[in-house]
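Commentary on secondary and tertiary structure
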Amino acid sequence: MKICVLVKEVPDAAVEKRIDHSTGRMDRSGEKNLNPFDTHAIEAAMQIKEGGAVPVEEVVAVTMGPESAVRALHKAVSLGADRSVHLSDEALAGSDVVATGYALSKTLERESPDLVLLGQQSDDGECYTIGAVVAEYLGMPSLTQVIKIDVEEGKLRCERQAEYGYDTVSVQLPAVISVGDAINEPRYPSLKAIMGAKKKPLDALAASDAGVEASRVGLDGSMVECGDFTDPPQKEPGQIIEDEDTAETVEKVVAWLEERKLI
Amino acid sequence: MADILVYVLHYEGALNKNSLGAVSEGARLAGELGGEAHAIVVGDGDDLTEELAASLGNWGASKVFRARAPEGLAQPVIDAMAKVMQDNGHTYALFGGGLLGFEVGAGLAARLGAGVTMEVTEVDVQDGKLVAARPILQDSKISKSRYRDKGVIIGRLNAFEARESGGGPATVEDVEVELSSQATQATMVQRGEQRGEDVDIEGADFLVAGGRGLGKPEGFQMCEELANALGGAVAATRAVVDAGWYPYSTQIGQTGKTVAPKLYLAAGISGAIQHKVGMQNSENIVAINKDSNAPIFEFSDLGIVGDLNKILPKLTEAVKAKKGS
Ligand SMILES: Cc1cc2nc3c(=O)[nH]c(=O)nc-3n(C[C@H](O)[C@H](O)[C@H](O)COP(=O)(O)OP(=O)(O)OC[C@H]3O[C@@H](n4cnc5c(N)ncnc54)[C@H](O)[C@@H]3O)c2cc1C
Ligand SMILES: Nc1ncnc2c1ncn2[C@@H]1O[C@H](COP(=O)(O)O)[C@@H](O)[C@H]1O
């Protein structure tokens, strides 16, 4: 079995995210990191590989993003991926969800994976939907939010929470599965793996290398236009208590509750 | 012509409340666009009766397409919706909040070459087209989406209110769908399994909700003690429910329950959007979190920055003492 894991570089959670008003796009400067939700997808791939239920020949990390996104790939490789693929092209900038999914699907087609794994959401985009778009273009079934995967011959048995409780679904491969963050506890990379990550093969592709039609990506190839950024109605900021002396904190909380006739 | 097709989820003979909201919203928007709002229901069980489908007329659908295909998985619904939209020339597809709507909506947009926007809180008509508002960057900004051609709009949970339109039963049209090969690759083994006991959190005036910050399943004891002292119930986030720490019936949020108690007290909860949508209408929101940057403080009335292990037990004692006096 060959597994591709989709990974993305996102601004560090500790850094404030904002819109660049001159371009209307997300400001992606500043500290960057591997999307934390994607570490669960890599870990899921590693557990399938190490689980031994089926032989896994290769785990390949795939990303689409600017030059700096190689760092996300290095991190993915340090967490266990065998090699990585980087799709990067000016023409891709400003792609919407459907265009991004299309470009990723072209990149994945070259790899012919049996299984594509991805994270439940990107920390900056928060679309939860790339998996469904990629699956549609690849003609594969897709499930999102999966928290348990059992591998059987040519099939996966997946569990996930949907609107009416937990569903168990049997999926024939090839398939696209996005994993929920409760699926596993990602490992930490060893120092040796971090040092070795840059030596693992990395395929750098331009849009044309991947067979991506330029007219279907980027701002011009996107079917949705986003703009008119506004601030939501401001809610009166709540009162904040820094807990230093807990007895005092509790006294304040109780007074607050009493004032509102809650106790 | 700018007609809207609304996906309506149903389960065990009942229509999904968020889907009904989407039908009402679709009817309002179609009225402004000078088109019609149609609904589509998909299922292969006996519970998907003609009456159930026709009842969507009460919420504003003038016509309901009924596709006989498996429901609960995205691909068969994508096949059905793509066919109905192509055969009938709908410009927009609309979904209420939920999980399946994300999967179906995104796949459908790819199939149709449409634009898609998720987590939409408001839709307007401008120049004869739909414009969807979506909060981004953890709700710190609102962005407007416009569509070059076809558009798929996926609502945020509870964004659209279900309103009875007074319309009679809708016409029901059965449609034959040929399933794509990927739609036959996935099969439901078990649907709607309830994990853990059935707890009523929707009736409680006081809710103490616990998240991953409790550290371990046993951490919920602290929440239970405080809830007992207040005379309320205990709720949870998906993160801890998925981890098996607490029953599914206590989960608040996008794929859980929507609550609006007099007091909602969060312990060790970050305040992710998918949790917030299920509790933001609570009368009083109190949060305990050790991270002063936690998003939950953005929408709390009282925020306590500190360690819940220290605060919860003392708070329970103090509430008991007050109530006893
Ligand atoms: C499609 C979709 C649907 C979803 N549906 C739901 C849903 O229905 N309901 C839901 O809740 N989530 C849902 N989620 C998941 C959601 O995005 C979050 O992952 C989840 O709500 C986080 O749960 P949490 O707050 O318990 O955990 P975390 O986000 O891990 O937060 C734990 C918090 O505890 C704090 N903490 C840690 N230790 C202490 C301590 N000792 N004292 C005080 N504070 C401490 C930390 O600072 C942190 O802020 C959904 C996600 C997706 C993508
Ligand atoms: N540009 C990208 N390159 C590779 N993978 C991506 C990209 N954008 C999103 N993904 C994957 O899709 C998942 C869901 O992202 P999103 O739909 O943006 O919330 C992420 O966790 C990643 O695994």
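Residues numbered from 1 in each chain as written. Chains lettered and ligands numbered in written order. Predicted model: local features only at pLDDT ≥ 70, side-chain atom pairs only at ≥ 80, totals over all residues. Heavy atoms only, no water.

Per the secondary structure count, chain B includes 9 helices and 18 strands. Over its C-alpha atoms chain B spans a radius of gyration of 22 Å, differing by no more than 12% from the 20 Å that the globule rule assigns to 325 residues. Expressed as lengths along the three principal axes of its C-alpha atoms, the size of chain B is roughly 70 × 45 × 40 Å. Residue pairs in contact within chain B that sit at least 24 positions apart in sequence constitute 67% of those at least 6 positions apart. (Helix = DSSP H or I, 4+ residues; strand = E, 2+ residues; numbered from the N terminus. Rg over C-alpha atoms; globule rule 2.2 N^0.38 Å. Contact = heavy atoms within 4.5 Å.)

The pairing of strands in a sheet happens through backbone hydrogen bonds and is either parallel or antiparallel. The strand order E15(A)-E18(B)-E17(B)-E16(B)-E14(B)-E15(B) describes an open sheet built from 6 strands, whose pairing is parallel. The strands lining the two open edges of the sheet, one partner per strand, are strand E15 (239–242) of chain A together with strand E15 (233–236) of chain B. The mean inter-strand angle of the sheet, taken between neighbouring strand axes irrespective of direction, is 20°. Across 4 bridges, strand E17 (residues 284–289) of chain B lies against strand E18 (residues 302–305) of chain B in parallel orientation. Looking at the pairing, Ile288 of chain B lines up with Ile304 of chain B of E18 of chain B. With respect to the sheet, helix H7 (residues 246–259) of chain A is in contact with E15 of chain A together with strand E16 (263–267), E17 and E18 of chain B, its orientation differing from that of E15 of chain A by roughly 160°. (Pairing = 2+ DSSP bridges. Axes fitted to C-alpha atoms, helices over the stretch in contact; angles between N-to-C directions.)

Residues and elements named next belong to chain B. In the region of ligand 1, 31 residues are neighbours, and Thr237, Ile252, Ser270, Gln274 and Asn289 sit closest. Contact distances for ligand 1 include 2.8 Å between an oxygen atom and a backbone N or O atom of Arg212. A distance of 2.8 Å separates an oxygen atom of ligand 1 from a polar atom in the side chain of His275. Relative to its free-state accessible area of 990 Å², ligand 1 is covered by the protein chains to the extent of 89%. Of all the secondary-structure elements, those providing two or more residues to the shell around ligand 1 are helix H7 (238–242), helix H8 (273–276) and helix H9 (308–324). (Near = heavy atom within 4 Å. Polar contact = N/O pair within 3.5 Å; in protein donor to acceptor, adjacent residues only side chain to side chain. Areas by Shrake-Rupley, 256 points an atom, 1.4 Å probe, with all protein chains shown as cover.)

A separate point is a negative patch on the surface. A grouping of Glu197, Asp198, Asp200, Glu202, Glu224 and Glu225 of chain B is seen on the molecular surface, where their side chains present a negatively charged patch. Tracing the backbone through its elements, the reader meets Asp200 of chain B in the loop between strand E13 (186–193) and strand E14 (206–210). (Patch = residues over 30% accessible without salt bridge, like charges linked within 9 Å, V, L, I, M, F, W, Y side chains within 5 Å. Salt bridge = Lys/Arg side-chain N within 4 Å of Asp/Glu carboxyl O. Lys, Arg positive; Asp, Glu negative; His and termini not counted. Charge placed at Lys NZ, Arg CZ, Asp CG, Glu CD.)

Another point: the environment of Val176 of chain A. Residue and element names in this part refer to chain A. Mapped onto the secondary structure, Val176 falls in strand E12 (residues 175–179). Since its relative accessible area comes to 0%, Val176 is described here as buried. Residues Val176 and Ala132, 44 residues apart in the sequence, show an inter-C-alpha distance of 7.8 Å. Excluding its chain neighbours within four sequence positions, the residues that come into contact with Val176 are Val116, Leu118, Gly131, Val134, Ala135, Leu138, Met140, Pro141, Ser142 and Leu143. (Buried < 20%, exposed > 50% of the residue type's maximum accessible area, 1.4 Å probe, protein only.)

On to the interface of chain A and chain B. Across the contact, 77 residues belong to chain A and 87 residues belong to chain B. Both sides together, the interface formed by chain A and chain B hides about 7300 Å², and carbon and sulfur atoms give 54% of it. Three residues stand out in chain A for area buried against chain B, namely Tyr164, Tyr166 and Met223 of chain A, and they jointly supply 12% of the buried area on that side. Linking chain A with chain B are 8 salt bridges. Glu225 of chain A is the partner of Arg148 of chain B in a salt bridge, and the nearest nitrogen-oxygen pair spans 3.0 Å. Applying the counting criterion to the chain A and chain B interface returns 40 residue pairs in polar contact (both at pLDDT 80 or more). When grouped by side-chain class, the residues that make up the side of chain A that touches chain B number 36 nonpolar, 21 polar and 20 charged. As paired strands, E15 of chain A and E18 of chain B are joined by 4 bridges and run parallel to one another. (Buried area = accessible area lost by both parts, 1.4 Å probe. Nonpolar A, V, L, I, M, F, W, Y, C, P; charged D, E, K, R; others polar.)

Residues and elements named next belong to chain A. Close to ligand 2 lie 18 residues, the nearest being Leu6, Val7, Asp38, Met64 and Ser122. Within the contact set of ligand 2, a nitrogen atom lies 3.3 Å away from a backbone nitrogen or oxygen of Val7. Between ligand 2 and Ile130, the relevant distance is 3.2 Å, taken from an oxygen atom to a main-chain nitrogen or oxygen of the residue. Isolated, ligand 2 exposes 480 Å² of accessible area, and the fraction of that covered by the protein chains is 96%. Listed by contribution, the elements that provide at least two residues to the shell around ligand 2 are strand E6 (58–64) and strand E8 (115–119). Element by element, the count of residues in the shell around ligand 2 is highest for E6, at 3 residues. Tallied by class, residues from the shell around ligand 2 come to 9 nonpolar, 6 polar and 3 charged.

Another aspect to go through is the environment of Val42 of chain B. Residues and elements named next belong to chain B. Looking at the element boundaries, Val42 is found in strand E4 (residues 37–42). For the pair Val42 and Tyr7, spaced 35 residues apart in sequence, the C-alpha to C-alpha distance is 8.6 Å. Those residues in contact with Val42 that lie beyond four places of it in its chain are Tyr7, His10, Leu48, Ala67, Ala69, Pro70, Glu71, Val77 and Ala80.

What follows concerns the domain arrangement of chain B. It is common to give the size of an interface as the accessible area that goes away when the parts come together. All names here are of chain B. The domain architecture assigned to chain B consists of domain 1 (4–184) and domain 2 (206–324). For domain 1 and domain 2, the distance between their C-alpha centroids amounts to 33 Å. If you look at the interface, domain 1 gives 9 residues, while domain 2 gives 7 residues. Of the roughly 750 Å² buried between domain 1 and domain 2, counting both surfaces, carbon and sulfur atoms make up 56%. The interface formed by domain 1 and domain 2 includes 1 salt bridge. (Domains from an automatic or database assignment.)

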